[in-house]
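Fold and contact review
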Amino acid sequence: MKWMIVKKAEELANVSYQLLKQEILRHPEGLTIGLATGSSPLGVYEEWRKDQLDCRHVTTVNLDEYVGLSPDHPHSYHTFMKEHLFETVTFKESYLPIGNTADPVEESDRYEHLVRTLGIDIQLLGIGSNGHIAFNEPGTPFDAKTHVTELTESTRLANQRFFDRLEDVPSEAITMGIGTIMEAKKILLVASSERKAEAIRDMMEGPATVDCPATILQRHADVMVVLDEEAASLLSEEAKRTGRAAYTNFMK
Ligand SMILES: N[C@@H]1[C@@H](O)[C@H](O)[C@@H](COP(=O)(O)O)O[C@@H]1O
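What you are looking at is a predicted structure, and each value in this text was computed from that prediction instead of being measured. (Residues numbered from 1 in each chain as written. Predicted model: local features only at pLDDT ≥ 70, side-chain atom pairs only at ≥ 80, totals over all residues. Heavy atoms only, no water.)

Around the ligand sit 15 residues, and of these Ser-39, Ser-40, His-132, Arg-161 and Lys-196 come closest. In the environment of the ligand, an oxygen atom lies 2.8 Å from a nitrogen or oxygen atom belonging to the side chain of His-132. Protein contacts shield 98% of the accessible area of the ligand, which totals 390 Å² for the unbound molecule. According to the grid-proximity analysis, the pocket containing the ligand is the largest pocket. The class makeup of the residues in the shell around the ligand is four nonpolar, seven polar and four charged. (Near = heavy atom within 4 Å. Polar contact = N/O pair within 3.5 Å; in protein donor to acceptor, adjacent residues only side chain to side chain. Areas by Shrake-Rupley, 256 points an atom, 1.4 Å probe, with all protein chains shown as cover. 1 Å grid on protein atoms, 1.4 Å probe; cavity = no way out; pocket = protein on both sides within 12 Å on 5 of 7 lines; lining within 4 Å. Sits in = over half its atoms within 2 Å of the grid points. Nonpolar A, V, L, I, M, F, W, Y, C, P; charged D, E, K, R; others polar.)

In this section: the layout of surface pockets. Estimates place the volume of the largest pocket at around 350 Å³. For the largest pocket, the lining is made up of 26 residues, of which Gly-38, Ile-127, Gly-128, His-132 and Asn-159 are closest to its centre. Among the residues forming the lining of the largest pocket, the class breakdown is ten nonpolar, twelve polar and four charged. (Points joined across faces, edges and corners; volume = space filled by probe spheres on them.)

The subject of this paragraph is the sheet that holds strand 3 (residues 58–62). Strand order in the open sheet formed by seven strands is 1-10-9-6-2-3-5, with parallel pairing between adjacent strands. With one partner strand each, in any of the chains shown, strand 1 (2–6) and strand 5 (93–95) form the two edges of the open sheet. On average, each strand axis in the sheet is inclined to that of its neighbour by 15°, with strand direction left out of account. Here strand 2 (residues 31–35) runs beside strand 6 (residues 122–125); their pairing, made up of two bridges, is parallel. Within the sheet, the bridge partner assigned to Ile-33 lies in strand 6 and is Ile-122. Contacts from helix 1 (residues 9–26) reach strand 1, strand 2, strand 3, strand 6, strand 9 (186–191) and strand 10 (223–228) within the one sheet, and its direction differs from that of strand 9 by about 165°. (Pairing = 2+ DSSP bridges. Helix = DSSP H or I, 4+ residues; strand = E, 2+ residues; numbered from the N terminus. Axes fitted to C-alpha atoms, helices over the stretch in contact; angles between N-to-C directions. Contact = heavy atoms within 4.5 Å.)

On to the UniProt feature "active site" (unreviewed entry) in the chain. The positions that UniProt labels "active site" (unreviewed entry) are, in the present scheme, Asp-64, Asn-130, His-132 and Glu-137. The subset of these annotated residues that lines the largest pocket comprises Asp-64, Asn-130 and His-132. Discounting chain neighbours no more than four positions away, the residues touching Asn-130 are Glu-137, Pro-138, Thr-152, Ser-154, Thr-155, Asp-211, Cys-212 and Pro-213. Sequence-distant contacts of Glu-137, that is, excluding residues within four places in its chain, are made with Asn-130, His-132, Glu-150, Leu-151, Thr-152, Thr-155 and Pro-213. There is a polar contact of 3.5 Å between the side chain of Glu-137 and the side chain of His-132. (UniProt positions renumbered as here; feature names shortened; annotations may be inferred.)

Moving on: the packing of aromatic side chains. Applying the stated criterion to the full structure yields ten aromatic pairs. Centre to centre, the rings of Tyr-17 and Trp-48 are 5.9 Å apart; their planes meet at 45°, and the pair counts as tilted. Within this pair, whereas Tyr-17 is found in helix 1, its partner Trp-48 is found in helix 2 (residues 42–51), the two being separated by 31 residues in sequence. Tyr-17 sits in the buried class, given a relative accessible area of 1%. Their ring planes at 80° and their centres at 5.8 Å tell us that Phe-86 and Phe-91 sit as a pair that is edge-to-face. Classification of Phe-91 as buried rests on a relative accessible area of 11%. Site record: aromatic cluster; members linked through ring pairs are Tyr-66, Tyr-77, Phe-80, Phe-135, Phe-162 and Phe-163. (Phe/Tyr/Trp six-rings, centres within 6.5 Å; stacked < 30°, edge-to-face > 60°. Buried < 20%, exposed > 50% of the residue type's maximum accessible area, 1.4 Å probe, protein only.)

Written as structure tokens, this is what we have:
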């Protein structure tokens, strides 16, 4: 696992977008990028919208979608992606799981097959404060494929800010599994704020355990973590020095 520590939100967004852009430019023949929702990638998407990079050779696949919400529902991840990226940047094709399907299990299998067929070149990830990645909550087996998952109370509470009321936050989601995510050739995880500090410490310095799903990333060969100082605040002093130096080197 490699990591960089930045001071400000703009730096986090800029360096993360630059890493994605490098990948896009490195694959003029076409590539597949895995995308994430939540507040963590918002700055990255803002940079992407401003850059006006030609992305017509880029296919995107998102990590997850709420069960029961139609693609045009105002709080669906389809709508989130449209508003923050797809309306401005033109991609070859973009996919998310369909949330309002009659058979979410069948939809999970279909999506798993789609993702495996495309193959993800680089996956953008956020992290939940309980260490979840996509919607793989603590306890999810490390080899899980795309599946229907019940959301924990803490995740529903954390995501309430995107909805009007807690009752409106769906209780289930279709999510790429940890095993699906681990198939990505590269992973870029972004985290900011004190809210993420414990999960980040566990992910980087704790043992690999299903109690903190992100710890599986220790076993992936090509992971870059971009953190702000608050998210990095519980790391060892040595890890902090290494992360700050890595950012300084990247900017040279
Ligand atoms: N399914 C998403 C995750 O993909 C995201 O990483 C997490 C953290 O969200 P935020 O970035 O808003 O803190 O929230 C949701 O649960």
